[in-house]
Amino acid sequence: MKLYHASPIKNLKLIKPQRTISHNKYTGDFVFATKYKKLALMYMLPKGFPILMNAKLKNPYIVICANVEEILQSDKGGALYILPDNLFHQTPQKGLNEYEMVSKDPVTPLFEEDYDCVIDQLIKENITIYFVDNDIFNKLLLNPKQDTMVQALDKYLP
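Residues numbered from 1 in each chain as written. Predicted model: local features only at pLDDT ≥ 70, side-chain atom pairs only at ≥ 80, totals over all residues. Heavy atoms only, no water.

**Considering the overall build of the protein chain**
Regarding its fold elements, the protein chain presents five helices and ten strands. For 158 residues, the compact-globule formula gives about 15 Å, and the C-alpha radius of gyration of the protein chain, at 16 Å, lands near that figure. If one aligns the C-alpha atoms of the protein chain with their principal axes, the spans along those axes are about 40 × 35 × 30 Å. Counting only residues that meet the buried cut, the protein chain has 43% of its 158 residues in that class. (Helix = DSSP H or I, 4+ residues; strand = E, 2+ residues; numbered from the N terminus. Rg over C-alpha atoms; globule rule 2.2 N^0.38 Å. Buried < 20%, exposed > 50% of the residue type's maximum accessible area, 1.4 Å probe, protein only.)

**A word on the packing of aromatic side chains**
A full pass over the atoms with the stated rule returns three aromatic pairs. Aromatic side chains F30 and F32 sit 6.1 Å apart centroid to centroid with 70° between the ring planes, which places their arrangement in the edge-to-face category. Relative accessible area serves as the criterion here: at 24%, F32 is assigned to the partly exposed category. Measuring from ring centre to ring centre gives 5.3 Å for F131 and Y156, while their planes differ by 80°; the resulting arrangement is edge-to-face. (Phe/Tyr/Trp six-rings, centres within 6.5 Å; stacked < 30°, edge-to-face > 60°.)

**Quick notes on the nonpolar core**
With 27 residues, the main nonpolar core has L45, I62, I64, I71, I119, L122 and I129 as its most contacted residues. Among all residues touching I62, those that are not within four sequence positions of it are M42, L45, I51, L52, M53, L122, I127, T128, I129 and Y130. Core analysis: the second largest hydrophobic core is formed by ten residues, Y130, F137, L140 and L153 among them. (Core = buried A, V, L, I, M, F, W, Y, C linked by side-chain atoms within 4.5 Å. Contact = heavy atoms within 4.5 Å.)

**Side note on the sheet that holds strand β5 (residues 61-65)**
Strand order in this open sheet of three strands is β4-β5-β10, and the pairing throughout is mixed. In the strand order of this sheet, the two ends are held by β4 (51-54) and β10 (128-132), each with one partner. Going from strand to strand, the sheet's axes swing by 15° on average, the running direction of each strand aside. (Pairing = 2+ DSSP bridges. Axes fitted to C-alpha atoms, helices over the stretch in contact; angles between N-to-C directions.)

**Quick look at the environment of L3**
Topologically, L3 is positioned in strand β1 (residues 3-7). Note: C-alpha distance between L3 and F88 (85 residues apart in sequence) is 9.2 Å. Those residues in contact with L3 that lie beyond four places of it in its chain are A33, T34, K35, Y81, I82, L83, P84, D85, F88 and M101.

**As for the state of the cysteines**
Covalent bonding between the sulfur atoms of two cysteines is what defines a disulfide. Taken as a whole and judged by the stated rule, the model has zero disulfides. We note that C65 lacks a disulfide partner, and the nearest cysteine sulfur, in C117, lies 19 Å from it. (Disulfide = S-S within 2.5 Å.)

**Some points on the pattern of salt bridges**
Scanning all chains against the criterion turns up three salt bridges. Residue K10 is joined to D116 by a salt bridge in which the shortest nitrogen-to-oxygen separation is 3.7 Å. Residue K10 is found in the loop between β1 and β2 (18-22), and its partner D116 is found in the loop between β9 (111-115) and α3 (118-124); the two are separated by 106 residues along the sequence. K10 gets classed as partly exposed once you look at its relative accessible area, which sits at 26%. We classify D116 as exposed; its relative accessible area is 66%. Residue E113 pairs with K37 through a salt bridge whose shortest N-O separation is 3.7 Å. (Salt bridge = Lys/Arg side-chain N within 4 Å of Asp/Glu carboxyl O.)

Laid out in structure tokens, this is it:
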């Protein structure tokens, strides 16, 4: 199985486990990976902006809690790393087993795909992008009608 790990940092020769906090609790030091390429791409976005994504839909989307100009100015691209799956096991984070796997060991990438602009790559992957403010983002969080609500938002059109 092919696993993906994405980062705004290019040319990583070794991906090292990082301290992981989930629900304000330390869960361990891990390298994260996913079998969903489109899901991995969101991790190339600049850090510090809350994000929601549904990559499993026929028409996947990403909701970014930020001003469009902020993201475009700070988007420096990144790298999508293809990783061997033999070091990975189930995540300790409840409810995320479908989406992510973890390794406690450093992982050497098999291959790297570099991108100059994450937003451009999301568009090329047919992921619909939405930019929202804090109020709308908070209304979407954990909302059982999230997918329907997102469809009513204004799509980002470059």
